[in-house]
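Descriptive structure summary
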Amino acid sequence: MDYLSLCLICKDENDYLPEWLDYHILMGVDRFYIYDNESRVSLRESLKDYIDRSWVVVVDITGRAMQLSAYDHCLQNFGGNTFWMGFIDTDEFLVPKTTFDLKELLKEYEGFGGLAVSSVFFGSNGNQSRPAAGQIASYTSCVHEAFKEYEFVKSIVQPAQTLMPNSPHDFIYKKDAYCVNEGFLRVDGQRFPIKTEKIQLNHYYCRSEDEIDLKVRRGRGAMNAAWPRRRFDVINFLATYEELSILQKLDQHFQKANLDSSVLLTDPRRARLLENMSALTRFRYASELEIALPVTAENFRAEFSNMAVLRDQIQTALDKKDLHEAKRLMMLRLQMVPQIIILYSDLSSCLLDLGEPAAAWQMLSRAWQISPNNYVILGGMAFYFLRVKNFTMAESTCRLLLELAPHDMVALGMLTHSLLGQERFEEAIRIGTPVVELSAQVGELPDRMGVFLVKKMADYLLEKKDYQGAVSLWESGVKCQPDDLNALLELIQAMLLAGDRSGTLKYLTRAQELAPRNEIVMNLSRQANVIDH
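To keep things clear, this report deals only with the structure shown in the data block. (Residues numbered from 1 in each chain as written. Predicted model: local features only at pLDDT ≥ 70, side-chain atom pairs only at ≥ 80, totals over all residues. Heavy atoms only, no water.)

**Let's talk about the environment of leucine 400**
Structurally, the position occupied by leucine 400 is in helix α16 (residues 391–404). In the structure, leucine 400 is positioned 34 residues away from arginine 366 in sequence and 19 Å away in space, judged by C-alpha atoms. (Helix = DSSP H or I, 4+ residues; strand = E, 2+ residues; numbered from the N terminus.)

**Description of the nonpolar core**
Tyr33, Tyr35, Phe78, Met85, Phe87 and Ile492 are the most contacted members of the largest nonpolar core, which has 110 residues in total. Excluding anything up to four places from it in sequence, phenylalanine 87 contacts Cys7, Tyr71, Leu75, Lys154, Ser155, Val157, Pro168 and Phe171. Counting residues in each nonpolar core, the second largest holds 68 residues, with Tyr50, Val56, Phe152 and Leu250 among its members. (Core = buried A, V, L, I, M, F, W, Y, C linked by side-chain atoms within 4.5 Å. Buried < 20%, exposed > 50% of the residue type's maximum accessible area, 1.4 Å probe, protein only. Contact = heavy atoms within 4.5 Å.)

**Considering the pairing of strand β8 (residues 153–157)**
With five of five residues buried, β8 is to be regarded as a mostly interior element. Here β8 shows a buried face lined by Val153, Ser155 and Val157 and a second buried face lined by Lys154 and Ile156. Alignment of strand β4 (residues 82–87) against β8, held across two bridges, turns out to be antiparallel. Bridge pairing links methionine 85 to valine 157 in β8. Taken together, the five bridges between strand β6 (residues 114–121) and β8 define a ladder with antiparallel strand orientation. Paired with serine 118 across the two strands is valine 153, which belongs to β8. (Pairing = 2+ DSSP bridges.)

**As for helix α14 (residues 357–370)**
Between its first and last C-alpha atoms α14 spans 20 Å; for 14 residues at 1.5 Å apiece the expected length is 20 Å, and the two agree. Those residues of α14 that are buried lie in contact with α12 (323–336), α13 (341–353) and α15 (375–387). (Expected span 1.5 Å × (residues − 1).)

**Some thoughts on the pairing of strand β13 (residues 199–203)**
When you tally the buried positions in β13, you get five out of five residues, the bulk of the element. Covered by surrounding structure in β13 are Ile199, Leu201 and His203 together with Gln200 and Asn202, the residues of both alternating faces. As paired elements, β6 and β13 share three bridges and run parallel to each other. Residue pairing in the sheet places phenylalanine 121 in a bridge with histidine 203 of β13.

**Side note on the environment of tyrosine 384**
Relative to the helices and strands, tyrosine 384 resides in helix α15. Taking the C-alpha atoms as reference, tyrosine 384 lies 29 Å from serine 119; in sequence the two are 265 residues apart. Excluding anything up to four places from it in sequence, tyrosine 384 contacts Leu352, Pro357, Ala360, Trp361 and Leu364.

**Overview of the pattern of salt bridges**
What the rule picks out here adds up to 28 salt bridges. Residue arginine 229 is joined to glutamate 209 by a salt bridge in which the shortest nitrogen-to-oxygen separation is 3.0 Å. Taken together, the residues arginine 229 in helix α8 (residues 229–238) and glutamate 209 in helix α7 (residues 209–218) connect sequence positions 20 residues apart. Since its relative accessible area comes to 29%, arginine 229 is described here as partly exposed. (Salt bridge = Lys/Arg side-chain N within 4 Å of Asp/Glu carboxyl O.)

**So, the packing of α15 against α16**
Taken N-terminus to C-terminus, the directions of α15 and α16 make an angle of 155°; their axes are 8 Å apart at the nearest point. In terms of orientation, α15 lies roughly antiparallel with respect to α16. Two packed elements cross with a definite hand, and for α15 against α16 that hand is left-handed. The segment α15 lies against α16, with Tyr375, Leu378, Gly379, Met381, Ala382, Phe385 and Leu386 engaging Phe391, Met393, Ala394, Thr397, Cys398, Leu400, Leu401 and Leu404. Partitioned by chemical class, the residues of the contact of α15 with α16 number 13 nonpolar, two polar and no charged. (Axes fitted to C-alpha atoms, helices over the stretch in contact; angles between N-to-C directions. Parallel < 35°, antiparallel > 145°, perpendicular 65-115°, else oblique. Left-handed = near helix turned anticlockwise from the far one by under 90°. Nonpolar A, V, L, I, M, F, W, Y, C, P; charged D, E, K, R; others polar.)

**What to know about the packing of aromatic side chains**
For the structure shown, the criterion picks out 21 aromatic pairs. With centroids separated by 5.5 Å and ring planes inclined at 0°, the aromatic side chains of tyrosine 3 and phenylalanine 83 adopt a geometry described as stacked. Of this pair, tyrosine 3 sits in strand β1 (residues 2–10) while phenylalanine 83 sits in strand β4, and the two are 80 residues apart along the sequence. Tyrosine 3 gets classed as buried once you look at its relative accessible area, which sits at 14%. Overall, phenylalanine 83 belongs to the partly exposed group, its relative accessible area being 28%. One aromatic cluster is present, formed by Tyr23, Phe93, Phe122, Tyr139 and Tyr204 through successive ring pairs. Above the ring of tyrosine 50, the side-chain terminus of arginine 53 is found at 5.1 Å from the ring centroid. It is lysine 256 that lies over the ring of phenylalanine 100; its NZ or CZ is 4.9 Å from the centre. (Phe/Tyr/Trp six-rings, centres within 6.5 Å; stacked < 30°, edge-to-face > 60°. Lys NZ or Arg CZ within 6 Å of the ring centre and 35° of its normal.)

Right, here's the structure in full:
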């Protein structure tokens, strides 16, 4: 029986796989289960050497958005052959930071159903086309850990304790089993505050500019949806921090094997990296796999398919704002898998929208009994207290949440809201202004939270006749919601009060494009003309 295996699904990633495989072989992975999603060149052909050495099992899978189906198929067909199974992509590399071997690190977590690994996002490093030196060598600039996207985790699970995938990032575990992060805090859902002292996942999210364009055209693997180009632009804009942990780890391996690694950390192209990894692995063989190997993935489990359909139905009901149907479906799903903590928080939010605060609190209380001080439930409770206007309790809960996640933009936004509700405006402005300014750049606040906070803070500044402060806030508000006419009008009015003629005319032009016959827009235009003359 293997100790650690990796599963992935890919399409036309043939050229990336040797680097990905060689690296993870060096890090202690025993086996790779790769689902070939209709690649133009069969992976059986391009990975023949790894297959012959028993490292790789290739399974063909057809259709779009098959990632979760592949993961469930892998769990069911190969899970019995391994103690741990990780689920990552070809642009993701597991980096153990305190050991040479992933297996050694995982021994600390054998008492839990899974280990959630925090992601570190890398930009393009100025590469226009795919670099010949590979991903590890060519992409070394990452985003700061305060960026909320870091909260995405990837999972290494014990198949014996796991029911099925819930998303590409998190899994549904059997009763009494659950996932933790490297610090042994319970993780529920696909987001969790970053912690990368022992292990991290290098996510070469952007790759080169040409590859970004290709990825946007191809769409997502887990759903029939497009990749928003703005996400790549934001990562590239913020990826200014050099991160060399993976190169340092490889340098240690090369030195141990008496391979020349002198250029590894000094040559910008790291020219010898791929050659050295290949030299260390090309004569290694995995143990023989003594189980039946399915050639194609088919006949997916009814339990998984039914759960996936139910999840999609809930999302459809929410999109249609059919809250009664969403509530019914959520309660049905909760009856099926009561161990999923995040379902209690989602149902609580739905119940609040339906005007059922007592039932909403009951859901959160039930979840708290299962997992006290849980990150997800603290967030749900903070939201609940804001909705019922208990701003003192909302503040206390937000501060508990921020102890777990000091850079959590949503928690900081909710804290700002709770301070505004207590009319502690100066404190709210001190915390909330940088929050909305950053959100205007990278879009980390949900829905209309940014505009809501801006209005509350800007109204206070206008009362104090701090017109320039109000203008600065509303400029961030407009960036948070670029097509929000009301936000644009608020900005124009603040600029009129501040006597900013050029800014007023600039944003009036945008307002006239959005609503040329709007009475307020026409009135503001007349006021601007008076100033102009």
